[in-house]
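Residue-level structure breakdown
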Amino acid sequence: MKLQDGSAPAPRIFASRTLSGNSSSERSLVQTGSSGLSAAAMAEPPVIIWREEVEELLLYRDLVPLLEEALGKFSTRDTEEVIQSVRTAVPLSKHSGFMLLMPTYMEKDAVLCTKFVCMYKREEGSTLPAVNATVVLLDPERGNVKAVMDGEVITAMRTAAVSAISSKLLMDPGAEVLTILGTGTQALSHYNVFTEMFSFKEVRVWSRSIERAESFVRSLKGPVTVSSSVEEVVRGADVIVTVTRCTEPILMGRWVKPGAHVAAVGACRPDRRELDDTLMKEAVVYVDSREGAMAESGDVILSGAEIFAELGDVINRVKPALRNKTTVFKSLGMGIEDAVPAKLIFDKWKAKSSSL
Ligand SMILES: NC(=O)C1=CN([C@@H]2O[C@H](COP(=O)(O)OP(=O)(O)OC[C@H]3O[C@@H](n4cnc5c(N)ncnc54)[C@H](O)[C@@H]3O)[C@@H](O)[C@H]2O)C=CC1
Ligand SMILES: O=C(O)C1=NCCCC1
């Protein structure tokens, strides 16, 4: 969320009158409530937590263990732990996009949350965002909104954190070479968390345009090699992250080293692909959600590949982590992955505000 001059406003608490108008009759409605509730029994007004605050409050070292725990809870299908159905996709045909609605309830953790995320096909060079998200945290008892948060950083960091968890579980422990296909928002968050959590000897990046790859790499801290040939960066890589907006396969199984781990993050619609049939059929396929993958993943649906397990099944030790095989983690994103950082950010925000 940004102001018109591009800067982010300071975090603030909405004044009650902002939500309910200025007139004294409207204000008295706020103080006693339309249902006659006393002010003490009324909910706190919602807060807005802007992008810069999210960036400050959300750290991978807190997020990764919480997400790992949450993926395990999701895979138990225990409705007291998590209620989360496959998200609703509203087509925005005029703008070549979709709005995805991602509600999640975690009863035991008292977290009620939804994300609205819009995703678009963008022309090369477009300055508009490919993904734009807002996260809303509610009080499950009263149903009021507690916080509205910028969702772009949450989406970038939680997606990368889940890919890092898949790699921690499924890559060869001696993995040395990381390859990232794509140079956008997700490429950056994946680079950040993978280099924070693991010690790769070599990092390679691919983009269709070598200039874009070079400019992306200039923004990074460590040494990275670039190429505009997917085959060149993929051959010999131990871990391959695909974070593109492509709609046809770009990663071919014949280039992938046996035993490599692929975290496939793009192609989140049933008609989109990033990986070819050879890779999908030869690899052991893990997903975040079986239902989600069967409804939304072109790589799963169109290849006819069998899903071996959810990441949560591996975390719960219900299914093995087949590290010596070629593995694909097909990521689609789930509401619980947003609910967890939303609670974390809100709790930290409250602690920070009350200490001021
Ligand atoms: N699995 C999940 O939870 C999530 C998945 N995504 C998906 O991840 C992908 C990347 O997202 P962002 O980094 O936010 O997008 P972005 O627009 O910032 O980056 C996209 C990258 O793909 C490249 N690209 C675009 N069209 C291409 C094509 N036809 N072939 C090859 N490369 C192409 C761009 O040059 C850029 O490097 C998108 O497909 C998005 O929908 C995004 C958020 C969460
Ligand atoms: O889970 C998400 O967030 C997204 N998934 C698919 C692509 C857009 C964002």
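Refer to the structure printed above.
Read on for a plain summary of the structure.

Basis of the calculations
Residues numbered from 1 in each chain as written. Chains lettered and ligands numbered in written order. Predicted model: local features only at pLDDT ≥ 70, side-chain atom pairs only at ≥ 80, totals over all residues. Heavy atoms only, no water. Helix = DSSP H or I, 4+ residues; strand = E, 2+ residues; numbered from the N terminus. Buried < 20%, exposed > 50% of the residue type's maximum accessible area, 1.4 Å probe, protein only. Contact = heavy atoms within 4.5 Å. Near = heavy atom within 4 Å. Polar contact = N/O pair within 3.5 Å; in protein donor to acceptor, adjacent residues only side chain to side chain. Areas by Shrake-Rupley, 256 points an atom, 1.4 Å probe, with all protein chains shown as cover. Core = buried A, V, L, I, M, F, W, Y, C linked by side-chain atoms within 4.5 Å. Pairing = 2+ DSSP bridges. Axes fitted to C-alpha atoms, helices over the stretch in contact; angles between N-to-C directions. Parallel < 35°, antiparallel > 145°, perpendicular 65-115°, else oblique. Left-handed = near helix turned anticlockwise from the far one by under 90°. Nonpolar A, V, L, I, M, F, W, Y, C, P; charged D, E, K, R; others polar. Phe/Tyr/Trp six-rings, centres within 6.5 Å; stacked < 30°, edge-to-face > 60°. Lys NZ or Arg CZ within 6 Å of the ring centre and 35° of its normal. Disulfide = S-S within 2.5 Å.

1. Remarks on the overall build of the protein chain
The helix and strand tally for the protein chain stands at 13 helices and 15 strands. Within the protein chain, the fraction of its 356 residues that count as buried is 51%. Look at the contacts in the protein chain between residues 6 or more apart in sequence, and 67% of them connect residues 24 or more apart.

2. Section: the site of ligand 2
Close to ligand 2 lie Arg87, Met102, Lys115, Val117, Met119, Thr155, Arg158, Cys268, Leu332 and Gly333, which account for all nearby residues. A distance of 3.0 Å separates an oxygen atom of ligand 2 from a polar atom in the side chain of arginine 87. Within the backbone of leucine 332, an N or O atom sits 3.1 Å from a nitrogen atom of ligand 2. Starting from 260 Å² of accessible surface for ligand 2 in isolation, the protein chains cover 91%. Counting residues per element, the ones that place at least two in the shell around ligand 2 are strand 5 (111–120) and helix 5 (152–170). Ranked by the residues each element gives to the shell around ligand 2, the list is headed by strand 5, at three residues.

3. Comments concerning the nonpolar core
Formed by 66 residues in total, the largest nonpolar core has its most connected members in Ile49, Met149, Phe194 and Phe200. Here this core takes ten residues from helix 5, the largest share from any one element. Residues in contact with isoleucine 49, not counting those within four places in the same chain, are Val54, Ala147, Val148, Met149, Asp150, Ile345, Phe346 and Trp349. Val177, Val233, Cys246 and Ala264 belong to the second-largest nonpolar core, a separate cluster that totals 30 residues.

4. Brief notes about the site of ligand 1
In the region of ligand 1, 26 residues are neighbours, and Thr183, Gln186, Thr244, Arg245 and Ser331 sit closest. One of the backbone nitrogen or oxygen atoms of threonine 183 is found 2.8 Å away from an oxygen atom of ligand 1. Threonine 185 is positioned with one of its backbone polar atoms (N or O) 2.9 Å from an oxygen atom of ligand 1. Alone, ligand 1 offers 860 Å² of accessible surface; in the complex the protein occludes 87% of this. Elements supplying a minimum of two residues to the shell around ligand 1: helix 5 and helix 6 (185–197).

5. Looking at the pairing of strand 4 (residues 97–106)
For strand 3 (residues 88–92) and strand 4, the ladder comprises five bridges, and the chain directions are antiparallel. Looking at the pairing, valine 90 lines up with methionine 99 of strand 4. Turn length for the strand 3-strand 4 hairpin, with the two strands adjacent in sequence and antiparallel, is four residues, and the turn residue serine 96 shows positive phi of about 50°. Here strand 4 hands over to strand 5 after four residues, with alanine 110 in that stretch at a positive phi of 55°.

6. Brief notes about the packing of helix 4 (residues 60–76) against helix 13 (residues 335–355)
For the pair helix 4 and helix 13, the least separation of the axes is 9 Å and the interaxial angle reads 135°. One element, helix 4, and the other, helix 13, form an angle in the oblique class. The handedness of the crossing between helix 4 and helix 13 comes out as right-handed. Contact residues: Asp62, Leu63, Leu66, Leu67, Ala70, Leu71 and Phe74 in helix 4; Ile336, Glu337, Val340, Pro341, Leu344 and Lys348 in helix 13. Split by residue class, the contact of helix 4 with helix 13 holds ten nonpolar, no polar and three charged.

7. Remarks on the sheet that holds strand 8 (residues 177–181)
Reading across the sheet, the eight strands line up as 10-9-8-11-12-15-13-14 and stay open at both edges, with parallel pairing between neighbours. Only two strands of the sheet have a single partner each, and these edge strands are strand 10 (225–227) and strand 14 (307–310). Across the sheet, the axes of successive neighbouring strands diverge by a mean angle of 20°, strand direction being ignored. Relative to strand 14, strand 13 (residues 284–287) runs parallel, the two sharing three bridges. When the bridges of strand 14 are listed, tyrosine 286 appears paired with alanine 309.

8. Here we look at the packing of aromatic side chains
Here the structure, examined in full by the defined rule, presents three aromatic pairs. Consider the rings of tyrosine 286 and phenylalanine 308, whose centres lie 5.6 Å apart with planes at 75°: the pair is edge-to-face. Of this pair, tyrosine 286 sits in strand 13 while phenylalanine 308 sits in strand 14, placing them 22 residues apart in sequence. Classification of tyrosine 286 as buried rests on a relative accessible area of 0%. An aromatic cluster is defined as three or more aromatic residues linked by ring pairs; in this entry it consists of Phe194, Phe198 and Phe200. It is arginine 77 that lies over the ring of phenylalanine 74; its NZ or CZ is 4.3 Å from the centre. A cation sits over an aromatic face here: lysine 319 above phenylalanine 308, 5.0 Å from the ring centre.

9. Here we look at the environment of methionine 252
When you line up the elements, methionine 252 lands in the loop between strand 11 (239–242) and strand 12 (261–264). Measuring from C-alpha to C-alpha, the distance between methionine 252 and aspartate 276 comes to 5.3 Å, with 24 residues separating the pair along the chain.

10. Quick word on the state of the cysteines
Per the stated rule, a full pass over the model turns up zero disulfides. For the unlinked cysteine cysteine 113, the closest cysteine sulfur is that of cysteine 118, found at 16 Å. Judged by relative accessible area, which is 2%, cysteine 113 ranks as buried. Cysteine 268 supplies the cysteine sulfur nearest to cysteine 118, a cysteine that is in no disulfide, at a spacing of 14 Å. You can call cysteine 118 buried: its relative accessible area is 16%.

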